[in-house]
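# Breakdown of the fold
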Amino acid sequence: MPFGVVSVAISADGDCVVAGGGDGYVVFWKDAKSRTSTSEPPTWRSEDLGGPIIRRCLDISDDGNYVVAC
């Protein structure tokens, strides 16, 4: 799913990965340690956030339960 990734964050245990792109969306993968392909669909995708995710302005909580983007 190419969408111009500009920011990525990984939970402390490495189990959750979140990526934000220039298209204004955030995507999230749960159980990321067991992914075997880059084409696997994300666990969820945000609504359009109204503008691009700024580089290095994306974070995820240690347990992967919370995501923040700007």
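Refer to the preceding data block for the structure.
Each residue is numbered by its place in its chain's sequence as written, counting from 1. Residue-level local features of this predicted model are given only where pLDDT is at least 70; pairs of side-chain atoms are given and counted only at 80 or more, and the full residue set underlies all totals for whole chains, interfaces and linings. To get the side-chain values, take all heavy atoms of the structure and skip hydrogens and water.

## What about unusual backbone geometry?
Although it is not a glycine, Asp31 sits at a positive phi angle of roughly 55°. Working definition: helices are DSSP H or I runs of at least four residues, strands are E runs of at least two. Numbering for both runs from the N terminus. By secondary structure assignment, the location of Asp31 is in the loop between strand 3 (26–29) and strand 4 (44–45). According to the relative accessible area criterion, Asp31 is partly exposed, its value standing at 41%. Phi at Arg56 is positive, roughly 65°, even though this residue is not glycine. Relative to the assigned elements, Arg56 resides in the loop between strand 4 and strand 5 (58–60). The classification of residues rests on relative accessible area computed with a 1.4 Å probe and restricted to protein chains. Under 20% of the type maximum is buried, over 50% is exposed, and intermediate values are partly exposed.

## Some details on the environment of Ala9
Among the structural elements, Ala9 can be located in strand 1 (residues 5–10). Overall, the relative accessible area of 7% leaves Ala9 in the buried class. With 31 residues separating them along the chain, Ala9 and Glu40 place their C-alpha atoms 18 Å apart.

## As for a negative patch on the surface
On the surface, a cluster of negative charge is made up of Asp13, Asp59, Asp62 and Asp63. Structurally, Asp63 is set in the loop between strand 5 and strand 6 (67–69). Judged by its relative accessible area of 43%, Asp63 falls in the partly exposed class. Patch construction takes residues with relative accessible area above 30% that form no salt bridge. Like charges are linked within 9 Å, and nonpolar side chains (Val, Leu, Ile, Met, Phe, Trp, Tyr) are linked within 5 Å. Methods summary: accessible areas were calculated by the Shrake-Rupley approach with a probe of 1.4 Å, and residue burial reflects only the protein chains presented. When a carboxyl oxygen of Asp or Glu is within 4 Å of a side-chain nitrogen of Lys or Arg, the pair counts as a salt bridge. A residue counts as positive if it is Lys or Arg and as negative if it is Asp or Glu; His and the chain ends are not included. For this purpose, a charge sits on NZ of Lys, CZ of Arg, CG of Asp or CD of Glu.

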